[in-house]
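An overview of the molecular structure
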Amino acid sequence: MKAFVIERYGDKDGVRAREMPEPRVGADDVLVHIHAASVNPLDLKLRDGEFKAILPYRLPLILGNDLAGVVVQVGSDVTRFAVGDEVYARPGKDRIGTFAELIAVHQDDVAIKPAKLTMAEAACLPLVALTSWQALVERAQVRPGQKILIHAGSGGVGTTAIQLAKQLDAHVATTAGTANIDLVKELGADVAVDYKQQTFETVLDGYDVVLDTLGGETLEKSLHVLKPGGKVISIAGPPDAAFARELGANAILRLAMSALSFKTRRRAKHRNVTYSFLFMKASGDQLRELTPLIDAGKIRPVLDRVFPFEETREAMEYVEQGRAKAGKVVVAMT
């Protein structure tokens, strides 16, 4: 089958098309003919080897972390799906590889595609929708009336998290560039801070939760907008020991991750708030929770551009260069 792979880490020009063996289909797997897959910042980080210490993939590695497609084969123990089903999924972290014609995914990680979405639209959602759900519903346990700040509201995670937070009856603030202020308000943001005109930490205060998608200075400044007892949940900040435990990492790696986040956790504690790092997990059950909201139009994908599969490397460069105006970039198979 055709796939886009990396053969060594850190080579930005090293994403190339090549023939790869078709996946083996286990008893609990569904084999999916991929129709569309979206590009995520995670793909760039994996290409560059940023997670090689904690996610030791075997090279050559097929990139790609979410998909929409059609089931073409089911394993002997599969009960939820049949050949011909249209599905979407974020494969488990140990079984990525959606920039390909085919992928075998465990049935627990797959859900029936929202009926009202095209394949390209559906491919926008699995990773960012699961990230939003796990941050806001699982980790933060957002309650009606709480004040939530979501950074980079026009990005893939941001556009989805704003909509989910409004479904949880939260008061939502977000940050965005001038060109996207109207978009994030349309998605439901109650307060939209134009980061080109204002600094969010000077105009926002008393927030219960911050979903940080940027890390760095943005993460540090986010601690100042939280009220006592508030939470900052980051998908871009330093990993912590809890994440290491989730991975089943050894004691040395747990200690190293704890050290990486020590300063941030110490500053959070000083302000009587908490910091945690989130690396989202695959979950077909959670996608099934989200699907009715998507079919009802309460959460909609924001699609920036579709590239043909043959231009997967160009699609990754487009994302890396920050050329996407809003939402997700997708590669579509012909």
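Going by the structure above, here's the rest.
Read on for an overview of the structure. (Residues numbered from 1 in each chain as written. Predicted model: local features only at pLDDT ≥ 70, side-chain atom pairs only at ≥ 80, totals over all residues. Heavy atoms only, no water.)

Regarding the overall build of the protein chain
Basically, it comes down to this: Helix and strand assignments follow DSSP, with helices taken as H or I runs no shorter than four residues and strands as E runs no shorter than two, numbered in order from the N terminus. Radius of gyration means the value over C-alpha atoms here, while the globule rule gives 2.2 Å times the residue count to the 0.38 power. Between buried and exposed lies partly exposed: a residue is buried under 20% and exposed over 50% of the maximum accessible area for its type, with that area taken using a 1.4 Å probe on protein chains only. Residue contacts are counted whenever heavy atoms from the two residues lie within 4.5 Å of one another. Each accessible area is a Shrake-Rupley estimate made with a 1.4 Å probe; only the visible protein chains count as cover when residues are assessed. When charges are counted, Lys and Arg contribute as positive and Asp and Glu as negative, whereas His and the chain ends are disregarded. All charge positions are set by atom: Lys at NZ, Arg at CZ, Asp at CG, Glu at CD.
Of the regular secondary structure elements, the protein chain holds 12 helices and 16 strands. Relative to the 2.2 N^0.38 estimate, which gives 20 Å for 334 residues, the radius of gyration of the protein chain is 19 Å and therefore close to what a compact globule would have. Taking the principal axes of the C-alpha coordinates as reference, the protein chain spans close to 55 × 45 × 40 Å. Taken over 334 residues, the protein chain has a buried fraction of 54%. Taking all contacts inside the protein chain whose residues are at least 6 apart in sequence as the whole, residues at least 24 apart take part in 69%. Split by element, the accessible area of the protein chain, about 14600 Å² in all, is 50% carbon and sulfur. In the protein chain, 42 positive and 42 negative side-chain charges are present, and the distance between their average locations comes to 6 Å.

Digging into the sheet that holds strand S2 (residues 16–19)
Selection rule: Two strands are said to pair when DSSP picks up at least two bridges between them.
With antiparallel pairing, 3 strands are arranged side by side in an open sheet as S2-S1-S4. The strands lining the two open edges of the sheet, one partner per strand, are S2 and strand S4 (61–62). Pairing of strand S1 (residues 2–6) with S2 involves 4 bridges; the strand directions are antiparallel. Note on S2: the bridge partner recorded for Lys2 is Glu19.

Comments concerning the pattern of salt bridges
Pairing between side chains of opposite charge can happen when the charged atoms of each approach one another. Just so we agree on the cut-off: Note on definitions: salt bridges are taken to be side-chain nitrogens of Lys or Arg within 4 Å of carboxyl oxygens of Asp or Glu.
Tallying each qualifying case throughout the model produces 19 salt bridges. The residue Glu7 makes a salt bridge to Arg16 at a minimum N-O spacing of 3.5 Å. Taking relative accessible area as the criterion, Arg16 reaches 32% and is therefore assigned partly exposed. With its nearest N and O atoms 3.5 Å apart, the salt bridge here joins Asp94 to Lys93. For Lys93, a relative accessible area of 29% puts it in the partly exposed group.

Concerning the side chain of Arg90
Rule in force here: Pairs of N or O atoms within 3.5 Å make up the polar contacts considered here, provided that, within protein, one atom can donate a hydrogen while the other can accept it, and that residues adjacent in sequence are counted only when both atoms are side-chain atoms.
Looking at where Arg90 falls in the secondary structure, it is placed in the loop between strand S6 (86–89) and strand S7 (102–106). No salt bridge forms around the buried Arg90; measuring N to O, its nearest opposite-charge neighbour Asp66 is 7.2 Å away. A distance of 3.0 Å separates polar atoms of two side chains, one belonging to Arg90 and the other to Asn65.

So, the packing of aromatic side chains
Quick note on the threshold: Between 30 and 60 degrees the pair is tilted, below 30 it is stacked and above 60 it is edge-to-face, where a pair is any two Phe, Tyr or Trp rings, Trp via its six-membered ring, whose centres lie within 6.5 Å. Whether a charge sits over a ring depends on NZ of Lys or CZ of Arg being within 6 Å of the ring centre and within 35 degrees of the ring normal.
Tallying each qualifying case throughout the model produces 5 aromatic pairs. Each member of the aromatic cluster is reached from another via a ring pair, and the members are Phe51, Phe243, Phe277 and Phe279. Across the ring face of Tyr318, the terminal group of Arg305 is positioned such that the distance to the ring centre comes to 5.2 Å.

Things to note about the layout of surface pockets
Our working definition: The rule is simple: put a 1 Å grid over the protein atoms alone, call a set of points where a 1.4 Å probe fits but cannot get out a cavity, call an open set with protein on both sides within 12 Å along at least five of seven lines a pocket, and count a residue as lining if it has an atom within 4 Å of a point. Grid points are joined across faces, edges and corners, and a volume is the space filled by probe spheres set on the points.
The volume enclosed by the largest pocket comes to roughly 1200 Å³. Around the largest pocket sit 47 residues that line it, and Pro41, Leu42, Lys45, Thr213 and Ile235 are the ones nearest its centre. Elements with a contribution of two residues or more to the lining of the largest pocket: helix H1 (41–47), helix H3 (126–139), helix H4 (156–167), helix H9 (251–260), helix H12 (312–320) and strand S16 (328–332).

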